[in-house]
Amino acid sequence: MTLLEVSDLHVSYGPIDAVKGVSLSVERGDVVAIVGPNGAGKSSTMQAIQGLVRTRSGSVRWRGTDITGWTPERRARAGISFVPESRGVFRTLSIGENLRLAGCALAKDADVSERVGLALRHFPVLADRLSERAAVLSGGECQQLAIGRALVAAPELLVLDEPSLGLAPVVLDELFAALAALRDEGLTILLVEQNVARAVKLADHLFSLRGGVIERVDEPDELLRNPSFRAKHLGMG
Amino acid sequence: MAQNLVNALSLGSLYALIALGVALLFSIMGLINFAHGELIMIGGYALLWFSSLPFAVTAVLVVAVVIGFGLAMERLAFRSVRGASGETLLMTSFALSLFIQGGVLLFEGADPKSTDVLGNLGASVKVAGLSVGKLDFAIIGVTAVLLAGLAWFLRATSLGVQMRAAAEDFTMARALGVRANLVVASAFGVSGAFAGIAAIFLVASTGSLTPSMGLRPVLVGFVAIVLGGLGRLWAAALGAYVLALLTVMLQAYLPGGVAPYQDALVYLGIVVILMFRPHGIAGRPGAVRV
Amino acid sequence: MTNTRFPLLSRGAPAVTCTLLVLVVSGLALLGSETTQRTATQMLVMGVITVGTYIFVGNSGVLSFGHVVFVAVGAYATALTTMPHALKQALLPALPGWLADLELALPVALLFSGLLSVLVAAVFALLTLRLDGMAAGIASLALLISVNVVISNWDAVTRGSQGIVGIPADLTIGATVPWLIGAIAIAMAYQLSRPGFRLRASREDPVAAAALGVRIRRDRSIALVISAFVCGVGGGLYVRFLGALTPGDVYLQLTLLTLLMLIVGGIRSLSGAVIGTVFISVLAELLRRIEAGGGVGPIELHPHPGIQQLILALTLLLTLLLRPGGITSGRELGFSLPARIGARRKGPPPAPAADEPAESPSGVRS
């Protein structure tokens, strides 16, 4: 079943076109990764999916329904959980409050504490520190909190914008292990990632986005080894 | 001296009620709400309208009317400009403030009206050699309860946490499912409740009403949030107490020749503070949403 | 950076068009009753004040509630230097000798008023020019209040809240029009000058302008000084229109009226300032007649006070909600369309031409 379907998406900031006709679809249970150089329009695409930037044209469909005009909160309540590049952790709130906050996307009768418990199973390091201010967290811990918080909302689709950004290699291992575990539990994930090697390992499908235009990569493993692809699509030598 | 401190505490409590109402909206949606003064003014007139009822009923009705006005303001005017620049929001609230004043002017006239809600609150009692008005007691006590209540609400309830999150990063809060309309309307509701209660105390101490009576309180609110640091809720309350202390002390100790210029000194002080600390005394650049 | 390929006439077109508008409205008013003529005079005076405020607010994009301070300074300066000597001695016995003896012809007094406002503006610049956005708005408001407190209590010079009476109220349409045309010319000349162009560029994108070496504070100071001069002159005209002056005449009500005219007309263009003044003046006069209507008493008594304020506030509110750029939306009135298009295509930051407020990328708007 197709969860998310983006067709011919255009996003522009004033005269600058950031996204020029991106189309992609995410099937339930799949992990889809988008790779591409800086300024390729990856973040804008992710933000448009969550409704945080206004789309100029094109559509976003969620389980068959056109949600292009929906507010971000309505999308969150429909089952899309978004972790932005900046993590979006509320520094003035405690770690526990950050986690419980995502509970407001759940149905009224849902048990938020139970969801928080489930999320903490994936990121046990947070469990002892629930009353601490989120401002004290390190970069890696912030990312764990951000993803854990997204899980509290019981998402059908987890959207991650550059989860590896600014993290040390050892922290990255942990992070991607956690993401692989989530994938193995059947969670659908759409992520933007500059670390192509890790993206390829995690993802079922790979897209490359460059200059606001998207392209499907059919044989990720092979292409990854192909130097001319690396140079052309990923902007690295 | 001790007498002055009590006066400052009472005045500061009134100021804090007003300042928190203004600061709450500013921290959540970057709105400096001129029309907050008109909420207080409406509260004053509501006091007059319901004055034949028992005081407790009147008080509840006054607060309800002011909350209703606050919510209507949000729905009819501010929702359309949400996310616009601070200046646009400021001008919108300015226009709204004039509009409400015009309405009251039309129906109630420009002449001052007087009302005596004070009743037996006018009396004062001797405490440790000081003469403290019952009204001062009421203001200080009620404000303390309200501040504690607000603190509890923001910490312990889901809606309160959502409001704090929205104050820090409105967009991210929405991405997590926080309903923008609910949070903003709640903020207007709380702001309105504070304005209603402030109106009761204000009219109880001055006893008179005019359509333009909202200006002074709202300026006090602005000054307090600037003093405290733009965008920080509790700092605004602190700013209110500091302003009250300053006002009372200037009143008590300024030499006679300079005394009439007291307000000029206070407002000039604000400008000087802003000159050196553009984000308020306790403010950080990041805390301001422009 | 100004486009030199087009003759001055076509670049100055908005000023010419605005002047024509002013002349036509004034001419029409001259055919009307005495009341109409008085209203038109008031409109012209407000035009000077609005255009003066526009020079700073419109070009810098910094909101100011404080410009009425310059109007106040000008008003008191003109009042004190042009009122009859004997009356001055009777009303203000404590006035310093040199001021008590000073009696100037109106044009001289107006220029003196403008210069005095410039001095006050220098102090303003020192205090507020570092501030942006809402902090600037609040600071200017605080200054307005401070100055009002001072003039309300400075009995020796301003007669405090009692106010000054007996100032000749002899202003006519013919005597006011040249001053408004002068104000429009000054505003246009500033707008076309290099500092004006730089300031407008910084309004559009302060970061980029600063990166290009625009010293915003200096350019804002220049705008503030010119703005204060025009507002000071406007204040002088205002007091000669009123014939009496209390601190309340140059306080919030006037601030509101000025901002109302600017925003409804379109705060980002000179044409907007002029059109807003004409539009709001006509509307206000119509409302005043409605307020006074029903045959209840003479016009000075207002049987329905509030209607005027109610409708004017509603106008401002609807403008902000439905057409945030005002009537002109940042465009200038002109007959030289090609020049505007040329300027728009060539200048890197959009020149005086159209500028819709950019949607914030965070998309908080629901």
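Data block above holds the structure.
Residues numbered from 1 in each chain as written. Chains lettered and ligands numbered in written order. Predicted model: local features only at pLDDT ≥ 70, side-chain atom pairs only at ≥ 80, totals over all residues.

## Observations regarding the environment of Met43(C)
All names here are of chain C. By the secondary structure assignment, Met 43 is in helix H3 (residues 34-60). As a C-alpha pair, Met 43 and Leu 116 span 73 residues in sequence and 24 Å in three-dimensional space. When neighbours within four sequence positions are excluded, Met 43 is seen to be in contact with Thr 277, Val 278 and Ser 281. (Helix = DSSP H or I, 4+ residues; strand = E, 2+ residues; numbered from the N terminus. Contact = placed C-beta atoms within 7 Å.)

## Observations regarding the interface of chain C and chain B
When the parts come together, some accessible area is lost, and that loss is often what is quoted as the size of the interface. The interface of chain C with chain B comprises 38 residues on the first partner and 40 residues on the second. Elements represented by at least two residues in the side of chain C that touches chain B include exactly helix H7 (106-128), helix H8 (133-153), helix H14 (252-265) and helix H16 (307-322) of chain C. In the side of chain C that touches chain B, the residues fall into 25 nonpolar, eleven polar and two charged. (Nonpolar A, V, L, I, M, F, W, Y, C, P; charged D, E, K, R; others polar.)

## Focus on helix H6 (residues 169-184) of chain A
Helix length check: H6(A), at 16 residues, gives a terminal C-alpha distance of 22 Å against a target of 22 Å (1.5 Å per residue), a fit within 8%. The first or second residue beyond H6(A) is Gly186(A), which carries a positive phi of 100°. (Expected span 1.5 Å × (residues − 1).)

## Section: the interface of chain A and chain B
With 21 residues of chain A at the contact, the number on the chain B side is 16 residues. Broken down by secondary-structure element, the contributors of at least two residues to the side of chain A that touches chain B are helix H2 (72-78) and helix H3 (95-101) of chain A. Among the elements that take part in the side of chain A that touches chain B, H2(A) stands out by supplying four residues, more than any other. Among the residues making up the side of chain A that touches chain B, the classes are represented as twelve nonpolar, four polar and five charged.

## Side note on unusual backbone geometry
Residue and element names in this part refer to chain A. Unlike most non-glycine residues, Arg 87 shows phi in positive territory, near 75°. Tracing the chain through its elements places Arg 87 in the loop between strand S6 (80-83) and H3. One non-glycine residue, Glu 162, adopts positive backbone phi at about 50°. Within the secondary structure, Glu 162 sits in the loop between strand S7 (157-161) and H6. For Glu 162, a count of 22 C-beta atoms within 10 Å gives the class buried. (Buried ≥ 20, exposed ≤ 12 C-beta atoms within 10 Å, placed from the backbone.)

## Looking at the pairing of S6(A)
Residue and element names in this part refer to chain A. Residue alternation in S6 divides its side chains into two sets, Ile 80 and Phe 82 and Ser 81 and Val 83, and both sets are buried. Alignment of S6 against S7, held across four bridges, turns out to be parallel. Within S7, the residue paired with Ser 81 across the bridge is Leu 158. (Pairing = 2+ DSSP bridges.)

## Details of the sheet that holds S7(A)
Residues and elements named next belong to chain A. Strand order in the open sheet formed by six strands is S6-S7-S8-S3-S9-S10, and the pairing between neighbours is mixed. Since the sheet does not close on itself, it has two edges, and those belong to S6 and strand S10 (213-217), each with one partner. On average, adjacent strands in this sheet sit at an angle of 20° to one another, irrespective of strand direction. In the sheet, S7 pairs with strand S8 (residues 188-192) via five bridges, with the strands oriented parallel. Its bridge partner being in S8, Leu 157 is matched across the sheet by Thr 188. (Axes fitted to C-alpha atoms, helices over the stretch in contact; angles between N-to-C directions.)

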